[in-house]
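Descriptive structure summary
Residue strings, one per chain:
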Amino acid sequence: MIEALPVYHNIHNLAAVISKDNTALYGRKATGSEIRVNNLNVSIGNNRILKNVSMEIPNNKITCIIGPSGCGKSTLLKTINRLIDDDENVRVDGEIIIDGENIYGKKVEVTHIRKKMGLLSQRPTPLPMSIFDNITFGCKIHGIRNRKQLKQIVEENLQDAGLWDEVKDRLHSPASSLSIGQQQRLCLARGLAIKPQFILGDESTSALDPISSRHIEDLFVKLKDKYGVILVTHTLRQALRIADHVIFIYLGEVIESAPAKELFNNPRHDLTKQYLSGVFS
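Description of the structure in this document.

Our focus in this paragraph is the pairing of strand E3 (residues 62-66). Extensive coverage of E3 is indicated by the burial of 5 of its 5 residues. Relative to strand E8 (residues 228-232), E3 runs parallel, the two sharing 4 bridges. In the sheet register, threonine 63 faces E8, and the bridge partner there is isoleucine 230.

Here's what the structure looks like:
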């Protein structure tokens with residue numbers, strides 16, 4: 001399976017997903033939008049990873065993707081963000097519809113799609129610069145130089161990520177000076193700065209201590225009022241705490257997709273029942 005690659009793997013990738021339309025980025029409130037997946041198949045070489053996946057991901061909800069290791073959870077997340085098909089060994093068939101547009105259509109511009117998605121990876125990936133510059137780097141590339149406007153962008157997104165009060169007096173300190181939990185919230189703020197429609201989390205709390213992990217979870221619950229949140233998680237307890245909707249994947253197939261209370265309390269499929277009861281993990 002291909003290793004998870006964050007959108008903001010380096011400075012150039014960060015710049016690529018920042019929209020050139022600054023008014024569109026900073027002049028509106030972000031809102032979620034339903035994602036529909038139709039007959040999605042993903043193969044890497046001769047290995048078929050996702051098989052005939054069809055489902056709907058609701059807007060302004062927290063959707064948790066669960067299932068045993070190696071079942072295709074992260075591949076599904078990366079496919080939604082167009083992070084997997086750059087590899088010549090990868091074949092993607094089927095449709096993923098966002099805002100009425102098939103993101104795998106022939107004329108689709110990839111950076112336009114990635115701008116709709118803010119990805120939070122397993123481990124924090126702060127840029128090698130100050131806290132302030134981590135948030136404003138893409139803004140400056142696209143011509144925003146007004147100091148007052150940049151300060152407003154930084155404060156707004158650090159507030160949304162629950163980090164402002166902790167760093168407001170040291171914005172020009174290196175991002176690397178932050179704790180790992182704070183770095184993850186900084187990466188969240190950086191993602192929010194592009195005003196995405198969805199926040200994607202790929203095991204985004206697995207490297208954090210319990211307190212930092214709960215802090216990130218609380219932020220997801222708060223942010224779903226503005227964004228759709230899609231989380232890959234290996235921790236059933238986490239899905240039980242925060243999920244509104246759950247998708248259970250096993251060996252590349254969607255076995256069950258339902259509101260969280262329904263799936264956890266009354267699973268329809270025997271495989272779902274076995275997974276929830278700990279028969280396999």
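Next up on the list: the side chain of serine 74. Among the secondary structure elements, serine 74 is positioned in helix H3 (residues 73-80). In this structure serine 74 comes out as buried when scored by relative accessible area, which is 19%. At a separation of 2.8 Å, a polar atom in the side chain of serine 74 contacts the side chain of aspartate 202. If we skip the residues at most four places from it in the chain, serine 74 touches Asp202 and Val232.

Here we take up helix H6 (residues 147-160). The end-to-end C-alpha distance of H6 is 20 Å, a good match for the 20 Å that 14 residues give at a rise of 1.5 Å each. Taken together, the buried positions of H6 are Leu150, Ile153, Val154, Asn157, Leu158 and Asp160. The buried residues of H6 all sit within an arc of 160° when viewed along its axis, so they share a single face. Opposite its buried face, H6 presents the exposed residues Lys148 and Gln152, each directed more than 90 degrees away. Looking at where H6 begins, the residue whose side-chain oxygen comes 3.0 Å from the main-chain nitrogen of lysine 148 is asparagine 146. After H6 finishes, the residue glycine 162 shows a positive phi value of roughly 70°.

How each quantity is defined
- Residues numbered from 1 in each chain as written.
- Predicted model: local features only at pLDDT ≥ 70, side-chain atom pairs only at ≥ 80, totals over all residues.
- Heavy atoms only, no water.
- Buried < 20%, exposed > 50% of the residue type's maximum accessible area, 1.4 Å probe, protein only.
- Helix = DSSP H or I, 4+ residues; strand = E, 2+ residues; numbered from the N terminus.
- Pairing = 2+ DSSP bridges.
- Polar contact = N/O pair within 3.5 Å; in protein donor to acceptor, adjacent residues only side chain to side chain.
- Contact = heavy atoms within 4.5 Å.
- Expected span 1.5 Å × (residues − 1).
- Arc of directions from axis to C-beta.

In short, the description is geometric, and any link to function would need to be established separately.
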